[in-house]
Amino acid sequence: MSEIQIRSTGTTEVIQSSDGRITLSVPIQIKRRSGRKQMTLPNGQSGQPGKLLRPWDVAATPLQLALARGHRWLAMLESGKVKNLTEIAALEGVDNSYVSRMVNLTTLAPDIVEAILEDALPDHLTLFDLAVDPPALWEEQRVRFR
């Protein structure tokens, strides 16, 4: 009978038994990306042989898009293109509170931003957790967002 075991470490092995059965052992990693699961080998290779998985080969996650949106809107404010968040909301056709939450993402600690960009945040953290009233001090953010 077939048996599937998933291990994130180890080496690739092919074992042939005396009765003709073959056992193939390939360690893999399964990561969530934008609500879907993606399988990669521990060395970072995707399903295509010889091709390393690159950040631009994978669609951005909603959290990554929100972070980019927040930085773009903050740049619009700082450059004087718009006077306030209400103008941004009107331009983008979204609610004022949504704009405010996305701009809040620009105050996150650099290591938290890096974790967002690498899609390495704990699975239990959501956009709402990060964007609604984040602590002003980076140390407090790190404690809250563990």
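Residues numbered from 1 in each chain as written. Predicted model: local features only at pLDDT ≥ 70, side-chain atom pairs only at ≥ 80, totals over all residues. Heavy atoms only, no water.

Colleague: What is the right way to look at the pattern of salt bridges in this model?
Modeller: Side chains that differ in charge, positive against negative, can pair when their charged atoms come close. Evaluation of the coordinates by the stated rule reveals four salt bridges. In this structure, the salt-bridge partner of Asp111 is Arg142, at a minimum N-O distance of 2.9 Å. Remark: Arg142 occurs in helix H6 (residues 138–144) and Asp111 occurs in helix H4 (residues 110–117); sequence separation between them is 31 residues. With a relative accessible area of 36%, Asp111 lands in the partly exposed category. With a closest N to O distance of 2.7 Å, Arg142 and Glu139 form a salt bridge. Taken together, the residues Arg142 and Glu139, both in helix H6 and three residues apart, mark about one turn of the helix. Residue Glu139 is classed as exposed on the basis of its relative accessible area of 53%. Residues participating in the shared-partner salt-bridge network are Asp111, Glu139 and Arg142. (Salt bridge = Lys/Arg side-chain N within 4 Å of Asp/Glu carboxyl O. Helix = DSSP H or I, 4+ residues; strand = E, 2+ residues; numbered from the N terminus. Buried < 20%, exposed > 50% of the residue type's maximum accessible area, 1.4 Å probe, protein only.)

Colleague: What exactly am I supposed to notice about the packing of helix H1 (residues 62–79) against helix H2 (residues 85–92) here?
Modeller: Between two packed helices, what matters for the description is the angle formed by their axes and the separation of those axes. One way to put it is that H1 packs onto H2 with a least axis distance of 10 Å and a crossing angle of 125 degrees. The angle between the axes of H1 and H2 places the two elements in the oblique class. Remark: the crossing between H1 and H2 carries right-handed chirality. Judged by residue contacts, Arg72, Trp73, Met76 and Leu77 of H1 engage Leu85, Ile88, Leu91 and Glu92 from H2. For the contact of H1 with H2, a count of residues per class yields six nonpolar, no polar and two charged. (Axes fitted to C-alpha atoms, helices over the stretch in contact; angles between N-to-C directions. Parallel < 35°, antiparallel > 145°, perpendicular 65-115°, else oblique. Left-handed = near helix turned anticlockwise from the far one by under 90°. Contact = heavy atoms within 4.5 Å. Nonpolar A, V, L, I, M, F, W, Y, C, P; charged D, E, K, R; others polar.)

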